[in-house]
Amino acid sequence: MTQDTVRPSGAVAPPAPASDWSLVLPLKPPALAKTRLAPFAGAHRADLALCFALDTVAAALATPGVARVLVVTRDAAAGARLTALGATVVGDEPGGGLNHALAHGAAAALALAPHAPLATLSADLPALRPAELARVLAAVPPTGRAFLADTPGLGTTLLACTPGNPLAPAFGDGSRERHAAGGARELRLAGVDSVRRDVDTGADLGEALALGVGPHTAALSARLGYSPAPPSGRR
């Protein structure tokens, strides 16, 4: 006697997008950050770098599916501002540059939530929209690693891994090519410009302002003589 094979009555649903994300953001001490913005911001360069981080972290915390945001920084004053927003500040950077700092932050995130998916995100995304970041995270495949390229298409603004996979960050000049060569899948999504537009130069900031930046960057940019885009539609 044979047993009938049980078949689903309808189409099999794809795996649900991962949620409960841990996001790790690296923040260089603002006094040392964004040197290419000096011609635009002058004495306010460090303040502008901190504004980028504040707006990025606020948007990340407001993103559906994100459970925690960790910021790796050794700057106590910046850390206090970010903690007040709700971020967890990770100190004791091991040295050795950006990728070592991200690995340190990833270890801290795994200690807090061992079974949560993990992503690292640039801290200079002042136009970041929670809905767009949620779309990017939802597109990460259920296994393995994935990344999102920056607006110029040479770097990376987001690198993600699902539980059981190493983050293996390879940031720096040309990181898009390195992450792809390392086996991470590139996420090719339309309509997520705010997640791709990191800011290193005055021209970059102009593009971010056109997208609509967060309140900290908007206020300081206005003081510097740049009119931000209207806030409607940012969040």
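Residues numbered from 1 in each chain as written. Predicted model: local features only at pLDDT ≥ 70, side-chain atom pairs only at ≥ 80, totals over all residues. Heavy atoms only, no water.

- An unreviewed UniProt entry annotates the protein as Phosphoenolpyruvate guanylyltransferase originating from Kitasatospora aburaviensis.
- Annotation of the protein in UniProt includes, under Sequence similarities (unreviewed entry), the sentence "Belongs to the CofC family."
- Regarding the protein, the UniProt comment filed under Catalytic activity (unreviewed entry) reads as follows: "phosphoenolpyruvate + GTP + H(+) = enolpyruvoyl-2-diphospho-5'-guanosine + diphosphate". (UniProt positions renumbered as here; feature names shortened; annotations may be inferred.)

### Side note on the overall build of the protein
Then, number 1: Within the protein, the regular secondary structure consists of nine helices and seven strands.
Then, number 2: Expressed as a percentage of its 235 residues, the buried residues of the protein come to 47%.
Then, number 3: Look at the contacts in the protein between residues 6 or more apart in sequence, and 65% of them connect residues 24 or more apart.
Then, number 4: As displayed, the protein offers around 11100 Å² of accessible surface, 57% of which is attributable to carbon and sulfur atoms. (Helix = DSSP H or I, 4+ residues; strand = E, 2+ residues; numbered from the N terminus. Buried < 20%, exposed > 50% of the residue type's maximum accessible area, 1.4 Å probe, protein only. Contact = heavy atoms within 4.5 Å. Areas by Shrake-Rupley, 256 points an atom, 1.4 Å probe, with all protein chains shown as cover.)

### Quick notes on the UniProt feature "binding site: phosphoenolpyruvate" (unreviewed entry) in the protein
Then, number 1: Per the UniProt entry, the sites bearing "binding site: phosphoenolpyruvate" (unreviewed entry) are Thr 156, Gly 172 and Ser 175 in this numbering. Over a stretch of 20 residues, the named residues converge on one spot in the fold, their C-alpha atoms separated by at most 8.5 Å.
Then, number 2: Among the structural elements, Gly 172 can be located in the loop between β6 (156–161) and α6 (175–181).
Then, number 3: In this structure Gly 172 comes out as partly exposed when scored by relative accessible area, which is 42%.
Then, number 4: Tracing the chain through its elements places Ser 175 in helix α6.
Then, number 5: Apart from residues no more than four positions distant in its own chain, Ser 175 is found in contact with Leu 154, Gly 155, Thr 156 and Ala 170.

### Considering the sheet that holds strand β5 (residues 145–149)
Then, number 1: In space, the seven strands of this open sheet follow the order β3-β2-β1-β4-β6-β5-β7, with mixed pairing throughout. With partners counted over all chains shown, the strands left at the sheet margins are β3 (88–90) and β7 (185–186), one partner each.
Then, number 2: In this sheet, β6 lies alongside β5 in antiparallel orientation, the contact comprising five bridges. Considered in β6, the bridge of Phe 147 is made with Leu 159. (Pairing = 2+ DSSP bridges.)

### Considering the pairing of strand β4 (residues 118–121)
Then, number 1: Alternating positions in β4 separate into two faces, Leu 118 and Thr 120 on one and Ala 119 and Leu 121 on the other, with burial throughout.
Then, number 2: Across three bridges, strand β1 (residues 21–26) lies against β4 in parallel orientation. Bridge pairing in β4 places Leu 23 opposite Ala 119.
Then, number 3: Relative to β6, β4 runs antiparallel, the two being bridged by four bridges. The residue of β6 that forms the bridge with Ala 119 is Ala 160.

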